[in-house]
Amino acid sequence: MPAIVWAGVLVMAYINLVNGLVRTFQPVIALQAGLSLTQIGILASCRSWASSSVRLGSGPIFSRVGARHLTSPLVLVAAASVFLIPTFSASFVLQIPLFLMMGMSRGLLRVTGSADAFDGAPDDDRQHGLVAALLHSGLDVGRVGGPVVGGVVAQFVGLAAMFRVVPLALVALYFPLALAARRAGARRLTAEDAERAPFD
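Bear in mind that the values here come from a model prediction, so they are computed numbers and not experimental data. (Residues numbered from 1 in each chain as written. Predicted model: local features only at pLDDT ≥ 70, side-chain atom pairs only at ≥ 80, totals over all residues. Heavy atoms only, no water.)

> Could you give an account of the pattern of salt bridges, naming the residues involved and the relevant values?
A side chain of one charge can pair with a side chain of the opposite charge if their charged atoms are brought near each other. One pass over the structure, following the stated rule, counts one salt bridge. For Asp140, the salt bridge identified is with Arg143, shortest N-O distance 2.8 Å. Residue Asp140 and its partner Arg143 are located together in helix H6 (residues 125-157), separated by three residues, close to a single helical turn. (Salt bridge = Lys/Arg side-chain N within 4 Å of Asp/Glu carboxyl O. Helix = DSSP H or I, 4+ residues; strand = E, 2+ residues; numbered from the N terminus.)

> A description of helix H2 (residues 37-56) should follow, citing residues and the corresponding values.
Here H2 is 20 residues long and its end C-alpha atoms lie 29 Å apart, about the 28 Å a rise of 1.5 Å per residue gives. Taken together, the buried positions of H2 are Ile40, Leu43, Cys46, Arg47, Ala50, Ser51 and Val54. On an axial view of H2, the arc spanned by its buried residues comes to 115 degrees, and they lie on one face. Across H2 from its buried face, at more than 90 degrees, point the exposed residues Leu37, Thr38, Trp49 and Leu56. (Expected span 1.5 Å × (residues − 1). Buried < 20%, exposed > 50% of the residue type's maximum accessible area, 1.4 Å probe, protein only. Arc of directions from axis to C-beta.)

> Describe the nonpolar core, listing the residues and the values that go with them.
Grouped together as the largest cluster of nonpolar side chains are 49 residues, with contacts concentrated most on Tyr14, Leu21, Val22, Phe99, Met162 and Phe163. Counting only elements with at least two residues in this core, the list comes to helix H1 (3-33), H2, helix H4 (67-83), helix H5 (92-120), H6 and helix H7 (159-196). Among residues more than four places away in sequence, those in contact with Phe99 are Val22, Gln26, Leu43, Ala44, Cys46, Arg47 and Ile85. (Core = buried A, V, L, I, M, F, W, Y, C linked by side-chain atoms within 4.5 Å. Contact = heavy atoms within 4.5 Å.)

> For the packing of aromatic side chains, give the residues involved together with the corresponding values.
Summed over the entire model, instances satisfying the criterion amount to one aromatic pair. Lying over the aromatic face of Phe83, Arg164 brings its terminal NZ or CZ to 5.2 Å of the ring centre. (Phe/Tyr/Trp six-rings, centres within 6.5 Å; stacked < 30°, edge-to-face > 60°. Lys NZ or Arg CZ within 6 Å of the ring centre and 35° of its normal.)

> I'd like to hear about the environment of Val171, residue by residue, with values.
Its place among the elements puts Val171 in helix H7. Accessibility expressed as a relative area gives 15% for Val171, which makes it buried. Measuring from C-alpha to C-alpha, the distance between Val171 and Ser72 comes to 9.3 Å, with 99 residues separating the pair along the chain. Residues in contact with Val171, not counting those within four places in the same chain, are Tyr14, Val75, Leu76, Ala79 and Pro176.

Dropping the structure here:
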C-alpha cells in the first residue's frame, strides 16, 4: 500500500487514541486542578459538539480547500490542543477553546484522512475495500489503545507530561509518512507527464 494510505491509517488511529486518552485522563488532571464535575462534563460536551457539528458542515470547507492541504495542519491543531491541557488545567474558561479545537480537528481529520487514503490508493474496488478495512482498523486500534498507552506513559513520566509526550510522538510518526507520501505523489505525477509527453 502507498505511504499515503498508511498515513491515513495513522490519522485514524491518532484521533481515536487521543480521544480515548483525553476521555480517560483529562477528568483526573482536571479534578486535581480543582475543576468541578459539571465543568468537566461541559468540556467533554464541547469536544463532542465541535466534532459532530464541523463534520456535518464540512461540505463548504472541502469545496474550497482540498482535503490533502488540511490534514497536516489539523494534525498539528489536534496535537497542540492536547499538549496544552496541563498548561490550562486549572482554568475552565481557557480549556473551552482547547476542547473546541480538539473536537473540530477530530471531526475534520476523520474526513481528510480517509479522503487522502482513498485518493492515494490504486483505482480498484478490491484495493478500496482493503483501504476501508485498514482505516477502520486504525480507528479500532486507537480506541482500544488510547487509555492503555496513556496509562503506561503516565506511569513513567507523570500525568501532566503524558499529555505532551503522546501527541508529540504521534506527530513524529505522522510527518515522515506524510513526507514520503508527498514525494511518491510527485514521482507519480512526473511519470504520468513523461508518458503523456510523446502524444502532446
